[in-house]
Amino acid sequence: MYSYDKYDQALVDQRVEQFRDQVRRRIAGELTEEEFRPLRLRNGLYLQLHAYMLRVAIPYGTLSSCQLRGLAHIARRYDKGFGHFTTRTNIQFHWIKLEDIADAMAELAKVEMHGIQTSGNSVRNVTADHFAGVAPDEIEDPRIWSEIIRQWSTLHPEFSFLPRKFKIAVSGSPNDRAALRIHDLALRMHRNAAGEVGFEVMVGGGLGRSPFIAKTIREFLPKRHLLSYLEAVLRVYNQAGRRDNLWKARIKILVHELGAAKFAELVEAEWNQIKGGAVEVPDAEIERIAAQFVPPAYDPDAPTFTHEFDALRLNDLGFGRWLKTNVARHKQPGYSIVTLSLKPEGGTPGDMTAEQMDAVADLADRYSFGEIRVTHVQNLVLPHVRRADLPVVWRALAKLGLATPNIGLATDIIACPGLDFCSLANARSIPVAQRITERFNDLARVHDIGELKIKISGCINACGHHHVGHIGILGVDKNGEEFYQVTLGGSEETNASLGTILGPALPASRIVDAVETLVETYLALRRDGERFLDAYRRLGTAPFKERIYAAA
Amino acid sequence: MVKAVKTPAAQIVTGNRLRDGAVIYLAGDSQWSTDIAQGAVAHDAAEANRLMAVANQAAVDRVVVNPYLIEVAVAGDSIQPVGTRERIRAFGPSIATPPSDRLPA
């Protein structure tokens, strides 16, 4: 894992003291709210419905056990004892006080964390495949380049006032686990015909009011030119992106209006001016950063099976289900990747108490080389668990309520904070997610339904990724009442697609029944082994629409 | 039992407290309260304007951030926001937030 050097630490420490003074000036009346607002947003501090909310960046979703304990401390000391993991792999604290914020940030800085660029029109927290460095299908570890992007984009003077926010994702695998195609810019590592590793560069993806799937503008970018090429993309966007209309300011609109080919042409022209220049990362620096992502000291003799493991797998249905959905293959023989479900029945997707954070940090230290990952699906991962330790880890997680065997299934729902917390929301998201998990509380049924991604947003900004849900649910306001619009057939994976609106929005009282009807329709029509998404792609909306609106 | 008399034209002033972001309401004695039941109710435009003038001065005085008027229904001593958003601001979140805060039924 990457550890701050003296420059990283000095930058974050200085920012804490700058912000401490800005908060003091605000409370003393030397700054108006209008003057203070952009300053607090640059540090991830929002004013939401009930309180201030602090968003803390978790670069490429990677946390040390020490950092997770640090977050637990913030939750306990400065908030109401919990935090909320987001689809940007960040964590949000919903109940922070302005008068405490500088102290909270100073404590975060001690564990190499901050809220810088988690808001505002800048390059946001870079995300990556949450199985980075451990996935068997990986070509190269995307965290090395994610860290380089983090350093390059942090306080980059030219890109601190972009037309709008800018989100980057990186993957080192052919199978997309990082929702690449819904990002402003995405990088996928692959090999060219000569066997060299480089990046496919995609731009102009995004959800919100005008959703788009990103388009490839360069099939192969040699790794050594990454930063000059990114700089060229950002420079074209910074100059040509719209600043006259908030809803048309994202790069996706520019790419759509110009066309991907023309946009690529502008980028190439800019790139040719700066390629090989001062912004390229020296080899020594790449090596310094890469050295911090070397694999941990795996036991080469770690057994792939033990008697206890085998017996439990055969005799305990719960363990068997958990292995099937929450445990993934690791590149190192004898090890597994364990996903912790933050989606218990009736719970709030992505929420975690301080006690759970501390306990997971302890488990990470004991069983996963002190490392934890955050996924864009609002779950956590222990990336390096010996297969022989799976029974004990499963029991420990079950006690913590973090072993629900539902990863990728109907109850592994993404939900934004919605109208329970967010000042932008039109409708609540979390209660809908809770009611769906309560309706689908029979694990046998949920496993029979199979892969099904339900994603819920409380407004068109789409923090809950509803456009790419197999079933997407969007909260809308109709004359002060909460209604929900349903989309079908979205996916953020390798063959990404945007969902199709099924029909008129449904009242809150009907939305859970509607989800159940969609599932029952799928079960009646599916072919052997056919997932919900595949069945939808074969059948289209018609049979689903008929069932939902016939009942109206 | 007091019969609910909905008065859609009734308004009160709300905002967030500067120091901690808490939801607050302009109360009858020009003080601010976290309890919506203490809100000073305006039944006409002139009174609403007067309350907003008090609130805007409180924003200058760093008590409240971004004050604004909301529509409420008044029934006896009870003041209920008309819209879902303001109801959630007043009594929410509507979900359990550890340790345990819950919207009253």
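Residues numbered from 1 in each chain as written. Chains lettered and ligands numbered in written order. Predicted model: local features only at pLDDT ≥ 70, side-chain atom pairs only at ≥ 80, totals over all residues.

1. A word on the overall build of chain B
On a plain count of helices and strands, chain B comes out with 2 helices and 5 strands. The order of α-helices and β-strands along chain B, N terminus first, is β-β-β-α-β-β-α. For chain B, the residues scored as buried account for 35% of the 105 residues in total. Summarising the internal contacts of chain B: among those between residues at least 6 apart in sequence, 52% fall at separations of at least 24. (Helix = DSSP H or I, 4+ residues; strand = E, 2+ residues; numbered from the N terminus. Buried ≥ 20, exposed ≤ 12 C-beta atoms within 10 Å, placed from the backbone. Contact = placed C-beta atoms within 7 Å.)

2. Some words on the overall build of chain A
Check the secondary structure of chain A and you find 18 helices and 21 strands. Taking 552 residues into account, the globule formula puts the C-alpha radius of gyration at 24 Å, and chain A, at 23 Å, falls close to it. Overall, the C-alpha framework of chain A stretches about 60 × 60 × 60 Å when taken along its three principal axes. The 552 residues of chain A split such that 53% are buried. (Rg over C-alpha atoms; globule rule 2.2 N^0.38 Å.)

3. Here's the deal with helix α7 (residues 251-258) of chain A
Residues and elements named next belong to chain A. Taken as a whole, α7 has its buried residues at I251, K252, I253, L254 and V255. For α7, the elements touching its buried residues are β9 (197-203), β10 (215-222), α6 (226-240) and α8 (260-274). Count one or two residues on from α7 and you reach G259, which has phi positive near 90 degrees.

4. A short note on the interface of chain A and chain B
Across the contact, 25 residues belong to chain A and 23 residues belong to chain B. Looking at which element gives the most residues to the side of chain A that touches chain B, the answer is helix α14 (residues 430-439) of chain A, with 3 residues. Split into classes, the residues belonging to the side of chain A that touches chain B amount to 11 nonpolar, 7 polar and 7 charged. (Nonpolar A, V, L, I, M, F, W, Y, C, P; charged D, E, K, R; others polar.)

5. Comments concerning the packing of α6(A) against α8(A)
All names here are of chain A. Relative to each other, α6 and α8 sit at 125 degrees, their axes nearing to 8 Å. Classed by the angle they form, the pair α6 and α8 counts as oblique. Considering the relative orientation of α6 and α8, their crossing is right-handed. Contact residues: S228, Y229, E231, A232, V233, R235 and V236 in α6; F263, L266, V267, E270, W271 and I274 in α8. (Axes fitted to C-alpha atoms, helices over the stretch in contact; angles between N-to-C directions. Parallel < 35°, antiparallel > 145°, perpendicular 65-115°, else oblique. Left-handed = near helix turned anticlockwise from the far one by under 90°.)

6. Remarks on the environment of A:F82
With respect to the helices, strands and loops of the structure, A:F82 is situated in strand β4 (residues 82-85). Distance in space between the C-alpha atoms of A:F82 and A:F93 is 7.3 Å, their sequence separation being 11 residues.

7. Structural notes on the confidence of the model for chain B
All names here are of chain B. Mean pLDDT over chain B works out to 87, with 85% of the residues at or above the 70 mark. Every residue in residues 99-105 scores below 50 in pLDDT, and together they form 9 contacts with partners more than four places removed in sequence or on other chains. Scored by ipTM, the complex comes to 0.92, with pTM at 0.96. (pLDDT = per-residue confidence, 0-100.)

8. Section: the sheet that holds strand β14 (residues 371-374) of chain A
All names here are of chain A. The strand order β3-β14-β15-β12-β11 describes an open sheet built from 5 strands, whose pairing is antiparallel. Among the strands making up the open sheet, the edge pair consists of β3 (62-64) and β11 (327-329). On average, each strand axis in the sheet is inclined to that of its neighbour by 30 degrees, with strand direction left out of account. As judged from the 2 bridges shared by β14 and strand β15 (residues 380-386), these two strands associate in the antiparallel manner. Looking at the pairing, V374 lines up with L380 of β15. (Pairing = 2+ DSSP bridges.)

9. Some details on the packing of α7(A) against α8(A)
Residues and elements named next belong to chain A. Running from N to C, α7 and α8 point in directions that differ by 110 degrees, and their axes come no closer than 6 Å. In terms of axis orientation, α7 runs roughly perpendicular to α8. Here α7 contributes L254, V255 and L258 to the contact with α8, which in turn contributes A260, K262 and F263. Across the contact of α7 with α8, the residue classes tally to 5 nonpolar, no polar and 1 charged.

10. Quick look at the nonpolar core
All names here are of chain A. In terms of nonpolar packing, the biggest core is built from 187 residues, with V203 and V233 touching the most fellow members. In terms of residue count, the dominant contributor to this core is α6 (9 residues). Beyond its immediate stretch of four places on either side in the chain, V233 contacts L185, V203 and V267. (Core = buried A, V, L, I, M, F, W, Y, C linked by C-beta atoms within 7 Å.)

11. Overview of the pairing of strand β2 (residues 23-26) of chain B
Looking along a regular strand, one sees side chains alternate from face to face of the sheet. Residue and element names in this part refer to chain B. Of the pairings in the sheet, the one linking strand β1 (residues 11-17) to β2 comprises 3 bridges and is antiparallel in character. Paired with T14 across the bridge in β2 is Y25. With antiparallel pairing between neighbouring strands as the criterion, β1 and β2 make up a hairpin whose turn holds 5 residues, including G21 at a positive phi of roughly 80 degrees. Pairing of β2 with strand β3 (residues 32-33), which is carried by 2 bridges, proceeds in the antiparallel orientation. When the bridges of β3 are listed, Y25 appears paired with S33. Taken together, β2 and the strand that follows it, β3, pair antiparallel across an intervening segment of 5 residues, in which S30 is found at a positive phi of about 65 degrees.

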